[in-house]
Amino acid sequence: VDGVVRTGFEFGIVAEFLARQPSNVDEIENLLMSIEGGGPDGERDELKRIVHTLKGESALLGFGQVEQICHAAEDLLQRTGGKPDIDRFLEVKDWLAQTFEHLSGRGPAPTNLTAILRALGHQQAEGGPSAPAAGAFEASGGEADHAESAGSSFILSDPSLAGDFVNEARSN
């Protein structure tokens, strides 16, 4: 199916990726709480590792918005010497959680991508690789910010189909 997934193998990878994300989001929150409480520097390194890995996997799978948020978060960590702005990172964590729920067919698309990117010190490129793909991330009955990478083979032209695909992958 053009615009969704080219093969069952690729879809299986996407479904596995999405199934792992609730634990990654929980780990991000746990690390942030520990860091805020003065936890060891190793936890900052673990936060960087999770964000970096999520950025790379998202890029590979064509989830441009997730890649963009992770890239901005990673850059902010670098600019601040590895000390995260806890409030901003909690916003990132919440956005990621909502995004993964949406991509799994269990919730609306997040609508605050641009605000979070600005808070992280990043701007969306006009007409560049972060430019919107038509219909890439619209919530049913509402509008959402668009920053999905154009041309991705995994972008759903109808996000409501995501849940059907995930359920089908789980049954196989």
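Above this text is the structure in question.
Here goes a summary of the coordinates provided. Numbering of residues begins from 1 in every chain and follows the order in which that chain's sequence is written. Whole-chain, interface and lining totals are the exception, using all residues; otherwise, since this is a predicted model, local features are given only for residues with pLDDT of at least 70 and side-chain atom pairs are given and counted only at 80 or more. Where side-chain values are given, they derive from all heavy atoms of the structure, hydrogens and water being excluded.

Section: the nonpolar core
Note the threshold: Side-chain atoms within 4.5 Å are what join buried Ala, Val, Leu, Ile, Met, Phe, Trp, Tyr and Cys residues into a set we call a nonpolar core. Only protein chains enter the accessibility calculation, which uses a 1.4 Å probe; a residue whose area is less than 20% of its type maximum is buried, one above 50% is exposed, and one in between is partly exposed. Strands are runs of DSSP state E lasting at least 2 residues, helices are runs of H or I lasting at least 4, and numbering of each runs from the N terminus. Contacts are assigned to residue pairs that have any heavy atoms within 4.5 Å of one another.
Ranked by size, the top nonpolar core spans 32 residues in total, and within it Leu 47, Val 66, Leu 96 and Phe 100 carry the most contacts. Put simply, the parts of the chain that give this core at least two residues each are α1 (8-36), α2 (41-61), α3 (64-79), α4 (86-103) and α5 (113-119). Among the elements that line this core, the one with the most residues is α1, at 8 residues. Leave out the neighbours within four places in its chain, and Phe 100 touches Phe 17, Leu 18, Gln 21, Val 25, Leu 54 and Val 66.

Notes on the packing of aromatic side chains
Condition: Only Phe, Tyr and Trp rings are paired, with Trp represented by its six-membered ring, and only when their centres lie within 6.5 Å; those with planes under 30 degrees apart are stacked, over 60 edge-to-face, the remainder tilted.
Taken as a whole and assessed by the stated rule, the structure comprises 2 aromatic pairs. Taking the centre distance of 5.7 Å and the plane angle of 20 degrees together, the rings of Phe 17 and Phe 63 count as stacked. Of this pair, Phe 17 sits in helix α1 while Phe 63 sits in the loop between α2 and α3, and the two are 46 residues apart along the sequence. Considering the side-chain rings of Phe 17 and Phe 100, the 5.8 Å spacing of their centres and the 80 degrees angle between planes classify their relative orientation as edge-to-face. Taken together, the residues span a long stretch of sequence, with Phe 17 in helix α1 and Phe 100 in helix α4 at a distance of 83 residues. The exposure classification of Phe 17 matches that of Phe 100, with both residues buried. Connected via pairs of aromatic rings, a cluster forms that spans Phe 17, Phe 63 and Phe 100.

Description of the packing of α3 against α4
Helix-helix packing: each pair is described by the crossing angle between the helix axes and the interaxial distance. What counts is decided by this rule: Note on geometry: axes are lines fitted to C-alpha atoms, helical ones only across the stretch in contact, with angles between N-to-C directions running from 0 to 180 degrees. For classification, angles of less than 35 degrees are called roughly parallel, those exceeding 145 degrees roughly antiparallel, those between 65 and 115 degrees roughly perpendicular, and all remaining angles oblique. Each crossing gets its handedness from the near helix: less than a right angle anticlockwise from the far helix is left-handed, clockwise is right-handed. Under the scheme applied here, ten amino acids are nonpolar (Ala, Val, Leu, Ile, Met, Phe, Trp, Tyr, Cys and Pro), four are charged (Asp, Glu, Lys and Arg), and all others, including Gly, are polar.
Running from amino to carboxyl end, α3 crosses α4 at an angle of 165 degrees, the nearest separation of the two axes being 11 Å. Our classification of the angle between α3 and α4 gives roughly antiparallel. Judged by the twist between their axes, the crossing of α3 over α4 is left-handed. Taken together, the residues of α4 that come into contact with α3 (itself represented by Gln 65, Val 66, Ile 69, Cys 70, Ala 73, Leu 76 and Leu 77) are Arg 88, Phe 89, Val 92, Trp 95, Leu 96, Thr 99 and Phe 100. Of the residues in the contact of α3 with α4, the class split is 11 nonpolar, 2 polar and 1 charged.

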